[in-house]
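Fold and geometry: a report
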Amino acid sequence: QVQLAESGGGLVQAGGSLRLSCAASGSIFSIDAMHWYRQAPGKQRELVATITRGGNTYYADSVKGRFTVSRDNAMNTVSLQMNSLKPEDTAVYYCNANIMARDYAAMNYWGKGTQVTVSS
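Residues numbered from 1 in each chain as written. Predicted model: local features only at pLDDT ≥ 70, side-chain atom pairs only at ≥ 80, totals over all residues. Heavy atoms only, no water.

1. Brief notes about the pairing of strand 3 (residues 18-25)
Here strand 3 shows one buried face, formed by Leu18, Leu20, Cys22 and Ala24, and one open face, formed by Arg19, Ser21, Ala23 and Ser25. Note that strand 1 (residues 3-7) and strand 3 share five bridges and pair antiparallel. Along strand 3, the bridge assignment pairs Glu6 with Cys22. Pairing analysis gives six bridges linking strand 3 to strand 8 (residues 77-82), with the strands arranged antiparallel. Across the sheet, the residue bridging to Arg19 is Gln81, located in strand 8. (Buried < 20%, exposed > 50% of the residue type's maximum accessible area, 1.4 Å probe, protein only. Helix = DSSP H or I, 4+ residues; strand = E, 2+ residues; numbered from the N terminus. Pairing = 2+ DSSP bridges.)

2. Quick word on the sheet that holds strand 8
Hydrogen bonds between backbone atoms are what pair the strands of a sheet, whose relative direction is either parallel or antiparallel. An order of 1-3-8-7 is seen for the four strands of this open sheet, with the pairing classed as antiparallel. With partners counted over all chains shown, the strands left at the sheet margins are strand 1 and strand 7 (67-72), one partner each. When strand polarity is set aside, the average angle formed by the axes of neighbouring strands in this sheet is 15°. (Axes fitted to C-alpha atoms, helices over the stretch in contact; angles between N-to-C directions.)

Interpretation note: all reported values are geometric properties and have no functional meaning in isolation.
What follows is the structure in structure tokens.
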């Protein structure tokens with residue numbers, strides 16, 4: 001069974017930094033692009049950052065220059081380094097990826113999320 005699990009959330013003051021990690025586990029054959037989404041209270045879930053298997057990246061305008069996404073294909077992990085955090089970055093952050101299992105069944109997977117709270 002394939003799973004995604006996030007870690008690294010917490011409470012930080014404005015201007016501070018946090019690093020989120022997401023590990024894929026299970027019977028994995030390959031992982032396509034990996035994504036970080038976030039959802040703040042009362043708001044829709046939004047895409048924060050994407051990294052392709054080849055390392056190409058995409059960032060939402062609101063986080064450009066502050067967040068950096070990276071991945072380790074050998075370890076099936078993706079990370080999100082968040083610097084210069086703002087109170088408006090407060091949200092539950094989710095990892096997402098299209099993963100092909102060893103039986104060649106491909107599905108879209110979500111982690112359970114990790115809370116990031118930025119105090120002013």
